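Letter by letter, the chains look like this.
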Amino acid sequence: MVLFNKHLVCRQTIQSREESHGARMFTASPPTISSSPSISKALKTTNPRTLPFQRTLLKPTRNQPNPRLLTTPLIKSSLSTTDSTTSTPINFPPPSQTPALRVDILSESLPFIQKFRGKTIVVKYGGAAMKSQILQASVINDLVLLSCVGLRPVFVHGGGPEINSWLNRLGLQPNFLNGLRVTDSSTMEIVEMVLVGKVNKQLVSLINKAGATAVGLCGKDGRLLTARPNAKSAELGFVGDIAGVDPTILRPLIANDHIPVIASVAADENGQAYNINADTVAGELAAALGAEKLILLTDVAGILEDRENPESLVKQIDIKGVKGMMEKGMIAGGMIPKVNCCVRSLAQGVRTASIIDGRKPHSLLLEILTDEGAGTMITG
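What counts as what
- Residues numbered from 1 in each chain as written.
- Predicted model: local features only at pLDDT ≥ 70, side-chain atom pairs only at ≥ 80, totals over all residues.
- Heavy atoms only, no water.
- Phe/Tyr/Trp six-rings, centres within 6.5 Å; stacked < 30°, edge-to-face > 60°.
- Helix = DSSP H or I, 4+ residues; strand = E, 2+ residues; numbered from the N terminus.
- Buried < 20%, exposed > 50% of the residue type's maximum accessible area, 1.4 Å probe, protein only.
- Polar contact = N/O pair within 3.5 Å; in protein donor to acceptor, adjacent residues only side chain to side chain.
- Contact = heavy atoms within 4.5 Å.
- Core = buried A, V, L, I, M, F, W, Y, C linked by side-chain atoms within 4.5 Å.
- Pairing = 2+ DSSP bridges.
- Axes fitted to C-alpha atoms, helices over the stretch in contact; angles between N-to-C directions.
- Parallel < 35°, antiparallel > 145°, perpendicular 65-115°, else oblique.
- Left-handed = near helix turned anticlockwise from the far one by under 90°.
- Nonpolar A, V, L, I, M, F, W, Y, C, P; charged D, E, K, R; others polar.
- Expected span 1.5 Å × (residues − 1).
- pLDDT = per-residue confidence, 0-100.

## Focus: the packing of aromatic side chains
For the structure on display, the rule yields 2 aromatic pairs. Seen from their ring centres, Y125 and F155 are 5.1 Å apart, and the 20° between their planes marks the pair as stacked. Of this pair, Y125 sits in strand β3 (residues 120-125) while F155 is found in strand β4 (residues 152-157), placing the two residues 30 residues apart along the sequence. Per residue, the accessibility class of Y125 equals that of F155, and both read buried.

Below, the structure written as structure tokens:
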């Protein structure tokens, strides 16, 4: 009886808030990886996109508010949680009031599902979304949901924090040069064990547990990637670039609705293992597969006009605009290799490349199933 009264008070409070704001509310409780993904939960976004053809007719940009054919009044979320791994507050959308609203939201996502159904998207996973257990669950559930509605995701991952942890356990000090890990033979052995043997299989297990079928690979498998030494190999050691891509092993997996999970380790023609930047791996795979989208999950909002102002997010830009920003020094530091990776993949036929905020819950769904996205989208 006490629980029932508490539940009744809670519902009355929610209804009262709704009336005061004059808007409907909808649910997206923090995702879990212990049950099958819920479409009604995962498709709760605050910015439903327009129909696919509206972008062409009205010529909107993601830098400006777009007219909507399909809209749902929403209020700001008052729900938040703190991730125990990173002690970072994570805000989730508010709970919904009626099942009808859930159906409305799902219905509004139909044009985007139709647009991307059967298309390959390559997602690079790392950063805050990898370190936080809550965000990790969000990404995994979103990935599985996209697979369930007909998209064909390919999941590429790094694992820098996990590598650092194991180096420290073994009494080795992580060493970096201009943002790249200095990788001697001992470090390379640990990198391969951690990325291929631990992180990769953990992600495969989580995806399988969430209801999809994942297959773990690295660049060595099926000669998927052929590596070559980096130009600064004398200083960096076994840090490599990609000499070639052969996606033959991926095509039947993708065609049979499996999710390839790929660790960023590859070997040269002599079998020597190399540590390769995961952004680079994702970009080259996207190009080789003729992907519709390349998505890089990062620890920043995206490309900023003013690097000191998080509110100056550039929501959509083309290659020419990006190069102009780089020439003016507006893009610098760790964003440069990410942008170069996107530009290279677009030049090889990928339709769009996005750098999105992996700290935002359901950022993958926001990027694909809404008009506003979750970061910066670069077009050819």
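Continuing now.
## Notes on the side chain of D357
Within the secondary structure, D357 is located in strand β15 (residues 352-357). On the accessibility criterion, D357 (10% relative accessible area) is buried. Engagement of the side chain of D357 in a polar contact is seen with the side chain of R359, the distance being 2.8 Å. Setting aside residues up to four positions removed in sequence, D357 forms contacts with T298, V300, A301, S363 and A374.

## Overview of the nonpolar core
Of all hydrophobic cores here, the largest spans 48 residues; its most connected members are V123, Y125, I140, F155, L203, I207 and I368. If we skip the residues at most four places from it in the chain, V123 touches L143, V154, F155, V156, I295, L297 and L364. Counting residues in hydrophobic clusters, the runner-up holds 40 residues, among them L225, I262, A291 and L346.

## A word on the sheet that holds strand β7 (residues 214-218)
Sheet architecture is open: 8 strands sit in the order β7-β10-β4-β3-β13-β15-β16-β14, paired in mixed fashion. Each edge of the sheet is formed by a strand with only one pairing partner; in this case those strands are β7 and β14 (316-318). Taking each pair of neighbouring strands and ignoring which way they run, the sheet shows an average axis angle of 20°. Pairing between strand β13 (residues 293-298) and β15: 6 bridges, direction parallel. Paired with K293 across the two strands is T352, which belongs to β15. On top of the sheet, helix α12 (residues 278-289) reaches β3, β4, β10 (259-263) and β13; it is set at about 175° to β3, its chief contact.

## What to know about the packing of helix α7 (residues 133-148) against helix α9 (residues 185-209)
One can describe the packing of α7 onto α9 by two numbers: an axis separation of 9 Å at closest approach and a directional angle of 60°. As the angle between them shows, α7 and α9 are arranged oblique. The crossing of α7 and α9 is right-handed. Along the contact surface, α7 presents Q136, I140, L143 and V144, while α9 presents L203, L206 and I207. For the contact of α7 with α9, the residue count by class is 6 nonpolar, 1 polar and no charged.

## Remarks on α12
Look at α12: 16 Å from first C-alpha to last across 12 residues, which is about the 16 Å you get at 1.5 Å a residue. With 10 of 12 residues buried, α12 is to be regarded as a mostly interior element. Residues of α12 that are buried: A278, D279, V281, A282, G283, E284, L285, A286, A287 and L289. Its side-chain oxygen 2.9 Å from the backbone nitrogen of D279, N277 forms the N-cap of α12. Where α12 terminates, the next one or two residues include G290, which has phi positive at roughly 65°.

## Remarks on the packing of α12 against helix α14 (residues 335-347)
For the pair α12 and α14, interaxial distance at closest approach is 9 Å and the crossing angle is 10°. When the interaxial angle is binned, α12 and α14 end up roughly parallel. Contact residues: α12 offers D279, T280, G283 and E284, while α14 offers K338, C341, R344 and S345. Taken together, the residues of the contact of α12 with α14 break down into 1 nonpolar, 3 polar and 4 charged.

## Overview of the confidence of the model for the protein
Should pLDDT be low for a region, the predicted coordinates there are not to be read in detail. On average, residues of the protein score 79 in pLDDT, and 74% of them are at 70 or above. The element-level mean pLDDT for the protein is lowest in helix α3 (residues 54-58), coming to 34, with β10 highest at 98. Here residues 1-61 scores under 50 on pLDDT; set against residues more than four positions off or in separate chains, the count is 139 contacts. For the stretch residues 63-80, pLDDT sits under 50, and the model shows 54 contacts to residues farther than four places along the chain or on other chains.

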